[in-house]
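# Per-entry structural report
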Amino acid sequence: VERRWAAMRALGRAADLFVSPSQYLRRELVGFGLDEARVVHCDYGFATEGFRARDDLPEVARRYAFIGSLVPHKGVHVLLDAFERMPADATLEVYGSHDYAPEYTDALLRRARHPRIRFAGGIRPEHVAAHQRRIDCQVVPSIWRENSPLTIHEAFLSGVPVVASRLGGSVELLETG
């Protein structure tokens, strides 16, 4: 492992510039040994067609959604367990392909006990804006340190509140309240 890290640091010295979409990743790269002057922060750019800020959000959220890969490190199992304590009128739509980790997805299907959890399959990028108009809150329950989650940015483009794990680059995107 040490030889691998040394080889990666040597490759890093050969690059002119590194672009990081989060301050979190920038700190990690500098901590790894890359030259601080050659690691710049530049967040993602987004096409905004179809997205519009919501002005119809309810005072209390009842329609929640997860969009992402159905793989263990995305933390959907944590979300399902937490959602068990939600009121009966709360809904959760889980968007993600069942093909990435079929065993994990099957376990999620068995784990979902709240009566209003729906697994909706994958969602095409061009449909995300319309989807954001149907929910009250986007949930990003990752159990690993995300860089700068696209789903958080998409929710912001729609004015939809986000609940996310307090890990990695998600932290710098969110504020309390």
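Residues numbered from 1 in each chain as written. Predicted model: local features only at pLDDT ≥ 70, side-chain atom pairs only at ≥ 80, totals over all residues. Heavy atoms only, no water.

### A few points about the nonpolar core
This is how it is decided: We define the nonpolar core as a collection of buried residues of types Ala, Val, Leu, Ile, Met, Phe, Trp, Tyr and Cys that are connected through side-chain atoms lying within 4.5 Å of one another. Buried, partly exposed and exposed residues are distinguished by accessible area as a fraction of the type maximum, computed with a 1.4 Å probe on protein chains only: under 20%, between the cut-offs, and over 50%, respectively. The helix and strand labels rest on DSSP assignments: H or I over at least four residues marks a helix, E over at least two residues marks a strand, and numbering proceeds from the N terminus.
Residues Tyr64, Val76, Leu80, Leu92, Val94, Leu108 and Ile117 are the most contacted members of the largest nonpolar core, which totals 19 residues. The set of elements that each furnish at least two residues to this core consists of strand 3 (63–67), helix 3 (76–83), strand 4 (91–95), helix 4 (102–111), strand 5 (117–121) and strand 6 (137–140). The element that contributes the greatest number of residues to this core is helix 3, accounting for four residues. In terms of nonpolar packing, the next biggest core, distinct from the first, is built from eight residues, Ile135, Ala155, Val160 and Leu173 among them.

### Remarks on a nonpolar patch on the surface
As a reminder of what qualifies: By definition, no residue in a patch forms a salt bridge, and every one has over 30% relative accessible area; like charges are joined within 9 Å, nonpolar side chains (Val, Leu, Ile, Met, Phe, Trp, Tyr) within 5 Å. Note on areas: Shrake-Rupley, 1.4 Å probe, and residue coverage restricted to the protein chains presented here. Note on definitions: salt bridges are taken to be side-chain nitrogens of Lys or Arg within 4 Å of carboxyl oxygens of Asp or Glu.
A cluster of nonpolar residues, Val1, Trp5 and Met8, forms a patch on the protein surface that exposes about 310 Å² of accessible area. Tracing the backbone shows Val1 in the segment before helix 1 (2–14). Val1 gets classed as exposed once you look at its relative accessible area, which sits at 71%.

### Description of the packing of aromatic side chains
The following threshold applies: Side-chain rings of Phe, Tyr and Trp (the six-membered ring for Trp) are treated as a pair once their centres are within 6.5 Å; stacked means planes under 30 degrees apart, edge-to-face means over 60, and tilted covers the remaining angles.
All told, the structure shown has three aromatic pairs when counted by the stated rule. Taking the centre distance of 5.4 Å and the plane angle of 75 degrees together, the rings of Trp5 and Phe32 count as edge-to-face. Taken together, the residues Trp5 in helix 1 and Phe32 in helix 2 (residues 23–32) connect sequence positions 27 residues apart. You can call Trp5 partly exposed: its relative accessible area is 34%. On the numbers, 6.2 Å between centres and 85 degrees between planes, the contact of Tyr44 with Phe46 is edge-to-face.

### Observations regarding the pattern of salt bridges
When the charged atoms of two side chains with opposite charge come close together, those side chains can pair. Tallied over the entire structure, the rule returns 10 salt bridges. Glu146 is the partner of Lys74 in a salt bridge, and the nearest nitrogen-oxygen pair spans 2.9 Å. Of the two residues, Lys74 sits in the loop between strand 3 and helix 3 while Glu146 sits in the loop between strand 6 and helix 6 (150–158), which places them 72 residues apart along the sequence. Measuring nitrogen to oxygen at the nearest pair gives 3.3 Å for the salt bridge that ties Arg118 to Glu93. Linking Arg118 in strand 5 with Glu93 in strand 4, this pair joins segments that are 25 residues apart in sequence. Under the relative-accessibility criterion, Glu93 is labelled buried at 18%.

### Examining the packing of helix 3 against helix 4
Our working rule: Axis geometry follows a simple rule: fit a line to the C-alpha atoms, using only the stretch in contact for helices, then measure angles between N-to-C directions, giving values from 0 to 180 degrees. These descriptions rest on fixed angle ranges, namely under 35 degrees for roughly parallel, over 145 for roughly antiparallel, 65 to 115 for roughly perpendicular, and the rest for oblique. The contact rule is simple, with two residues in contact once any of their heavy atoms fall within 4.5 Å. The classification used treats Ala, Val, Leu, Ile, Met, Phe, Trp, Tyr, Cys and Pro as nonpolar, Asp, Glu, Lys and Arg as charged, and all other residues, Gly among them, as polar.
Relative to each other, helix 3 and helix 4 sit at 0 degrees, their axes nearing to 10 Å. Classed by the angle they form, the pair helix 3 and helix 4 counts as roughly parallel. Taken together, the residues of helix 4 that come into contact with helix 3 (itself represented by Val76, His77, Leu80 and Asp81) are Tyr104, Leu108 and Arg111. Among the residues forming the contact of helix 3 with helix 4, the class breakdown is four nonpolar, one polar and two charged.

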